[in-house]
Amino acid sequence: MGLKCVHCGEDCGKNPVMFDGQPFCCHGCKAVFQILNEKKLDKYYEIQPMSGIKVDRTDVGDKYEYLDNGEILAGLLDFSDGGISKIKLFVPGIHCASCIWLLENLYTLNPGILQSFVNFPKKTVSITFKDQEVSLREIVELLASIHYAPEITLDQLDKQEGKNHEKDLLIKIGIAGFSLLNVMLYNFPEYLPGGDQLEEVFVKVFGWLSFILALPVVLYSASDYYLSAFKGLKHKIINIDLPITLGIFTLFAQSTYDILSGSGIGYLDSLVGLVFFLLIGKWYQGRTYQALSFERDYKSYFPVAVSKTDGAKTESVPIKNLLVGDRIIIRNQELIPTDAKLLKGKANIDYSFVTGESMPVNKKTGEIIFAGGRQVGSSIELEIFKTVEQSYLTQLWNQDSNKKDTSAKLNSAINKISEYFTVIILLIAFGAGLYWLVSDSRLAIYAFTSVLIIACPCALALTVPFTFGSTLRAFGRKGFYLKNTDVIEHLYKTNHIVFDKTGTLTINSKVKTHFEGDALSEEEKTIIKSVCSHSSHPLSTAIANSIKNQQLKEIHNFLEIPAMGISANVDGGKVNIGSRKFVMGKEETETSSTNVYVLIHDKVVGHYKIENVYREGLQDVINNFKKKYKLYLLSGDNDSEKENLKKIFGANTKLLFNQSPTDKKEFIKQMNNNEANHVLMIGDGLNDAGALMESEVGLTVADDIFSFSPACEGIIESSKFKNLYEFVNFTKVSMKIVKISFIISFLYNAAGIFIAVQGILSPIVAAILMPVSSISVVAFATLSIKIISSRKLS
């Protein structure tokens, strides 16, 4: 056995290319190795040894010159603004953990690349880069140089990825189906009593005809199984396609021997039937999975609302109802739902949700603002010119999850079980085959192939995504929206719950306001409303709504300081609205209410007394949570509501007031120092974004105007807050269904193997039962969640 290439694992031959004492099959592989080592990316080889792909040494030359064309570039890029661009590329060479690690560390190969995110199932990589430092052409050439050349076609401009794969699968099914019908016809005499009396000439003719029809099935229709098994073995991984491949090869080898020796027509009907039903099962599973696709696209369930205006009035509408040409108002810290043109106002757009870069980009009237940006400063008016794509916002939300570790341990455990499962099945199959080979070769072949085919960890692997996915959909229909299925497992493990107060426990739209001080003039009321209208904070909204004046003044230099207040220049004078410390420079005194002070043109005119109204069902929610969880309250307001909150939470709950955003974040951080703590933070996403980010699960409460916080893992509609305990508790039901599904899968495999080792199960029947097992577990999980959720969730 010759030396293996360190990069790709291929045989280096008699004259290997040597570098740094390491053998390579060619100079291309050596070049990639040098690049990775120079950039200190040698961990690529630690994750998965010999994980690279053999490099085609063809010089790219001007192959990607067309990517310098502005028109083509505009059609390919998903986003381009402020010197930052973003693109999603299909990279078919992605095949293992090392690939993912390397492609998500591209920034070390070129500093112009800000971040990259791999979607392994779809084999895509989303790249965000500084287009003034590195061009798309240079990025693609870099990928090609390390042999991850992307496929860029005109189909990508029309978003038609993925359809060719299904078309190929259907062609393979068609070929296998045609061959099966004809092979069964040639084998028909074998199925009848006295079939063994058929004249020898017919046996040979039917055998050869069956052999010819089986060839395209073996060589083409079943080829995906061979390639998958080969790639797994190449990287020392035994996957589920290896037993299937062995079963196909065994049936084909035995049948070929029988036909060539003239002793019979073999098992080609079983072979072709096996491949046909495997492919049908694969197609059906794929269609079922698509129908229950839940992780990346909630469509109509994603609760984004925005303020729509026609000049005379403003109303809150779901973004799915927005049309091209509609005008919308975006306030400070609110998300821009779709590509739009700036009509009015000073736009400072924070694209960190899209690009990871937090430096705001200034925009002038008439310029384009991309979806996913967030306004920083005073309100702006936009005109929509592109259809809203909620799936794009959801994709950004999921991408943002790489900022903290939200990985679920359950899936990792299942993947480990699946690896050992396949090895055990191989041992059982070989054992059964050898046992029967002594007495009956036909039974030996049936036992060997049937065990390989009927036993499948697919049902086990599908249990978690479909159970949790169905839970995700059930939650979405009831007004509770989670980022992905991993969040369900984290909610299940939660044992500490931290609440914010304002906007979380209180109802923004029902907050009662009363002004104390000298009577405000109409001019002063207009100034106060003009400034408060630019903020999305619950207290600002409450004050703005309490003032009936419709005319608003133009403001300048708007600034909002979390947990302190808002500031702006109006009519040439300074206006500050916020806490006593922010407005007067003095600490808040003991008070029985929440107070918001107002300074207009260097004069403190008084303060608004805010009377909170708590959410419906709050007491029941807290009482239910207290039975199973440790509760906390963190509030940025003073302790005026302390006695009321003690009655709601009880004397044993820790209540902290006058907490800044930093204080809230540090509190959660201290809790996380104990690994036994699993913290759920519930806030409004405004002054508690840091705490939401720090917690294991962050939930925000969405009122009529939707202030989206990328830091959160879930959103609950304010009207459904009274059902929050039901949602969190339902995750325990989901976990029970996962465990029951595991048992069903185990019993199915045990029963199937028990029958198969006896050699009485045809490979065709095994091929039919294999996808049936997966579908039955998926159906059980899906229907169970649907039925139980309809009873337990209101």
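Residues numbered from 1 in each chain as written. Predicted model: local features only at pLDDT ≥ 70, side-chain atom pairs only at ≥ 80, totals over all residues. Heavy atoms only, no water.

What follows concerns the sheet that holds strand S11 (residues 347–350). Read across the sheet, three strands follow the order S12-S11-S14 without closing on themselves; strand pairing throughout is antiparallel. Where the open sheet ends on each side, the last strands, each with one partner, are strand S12 (361–363) and strand S14 (374–375). One ladder, built from two bridges, connects S11 with S14; its direction is antiparallel. Looking at S14, one finds that Asp 350 is bridged to Arg 374. (Pairing = 2+ DSSP bridges. Helix = DSSP H or I, 4+ residues; strand = E, 2+ residues; numbered from the N terminus.)

A few words on the packing of helix H19 (residues 522–532) against helix H20 (residues 538–546). Between H19 and H20, whose axes approach to 9 Å, the crossing angle comes to 145 degrees. Helix-helix and strand crossings are classified by hand; for H19 and H20 the assignment is left-handed. Residues Ile 528, Lys 529 and Cys 532 of H19 pack against Ser 540, Ile 543 and Ala 544 of H20. (Axes fitted to C-alpha atoms, helices over the stretch in contact; angles between N-to-C directions. Left-handed = near helix turned anticlockwise from the far one by under 90°. Contact = heavy atoms within 4.5 Å.)

The subject of this paragraph is the pattern of salt bridges. Here the structure, examined in full by the defined rule, presents 11 salt bridges. For Arg 137, the salt bridge goes to Glu 141, with nearest N and O atoms at 3.0 Å. Note that Arg 137 and Glu 141 are positioned in helix H5 (residues 136–145) at a spacing of four residues, about one turn of the helix. Accessibility expressed as a relative area gives 23% for Glu 141, which makes it partly exposed. Residues Arg 327 and Glu 381 are paired through a salt bridge, measuring 2.6 Å at the closest nitrogen-oxygen approach. (Salt bridge = Lys/Arg side-chain N within 4 Å of Asp/Glu carboxyl O. Buried < 20%, exposed > 50% of the residue type's maximum accessible area, 1.4 Å probe, protein only.)

What follows covers the nonpolar core. Core analysis: the biggest nonpolar cluster contains 47 residues, and Tyr 225, Ile 248, Leu 268, Leu 271, Val 275 and Leu 279 have the highest contact counts within it. Among the elements that make up this core, the one with the highest residue count is helix H12 (residues 268–291) (eight residues). If sequence neighbours within four positions are ignored, Val 275 has contacts with Val 217, Ser 221, Ala 222 and Ile 248. Phe 499, Leu 618, Leu 655 and Ala 781 belong to the second-largest nonpolar core, a separate cluster that totals 45 residues. (Core = buried A, V, L, I, M, F, W, Y, C linked by side-chain atoms within 4.5 Å.)

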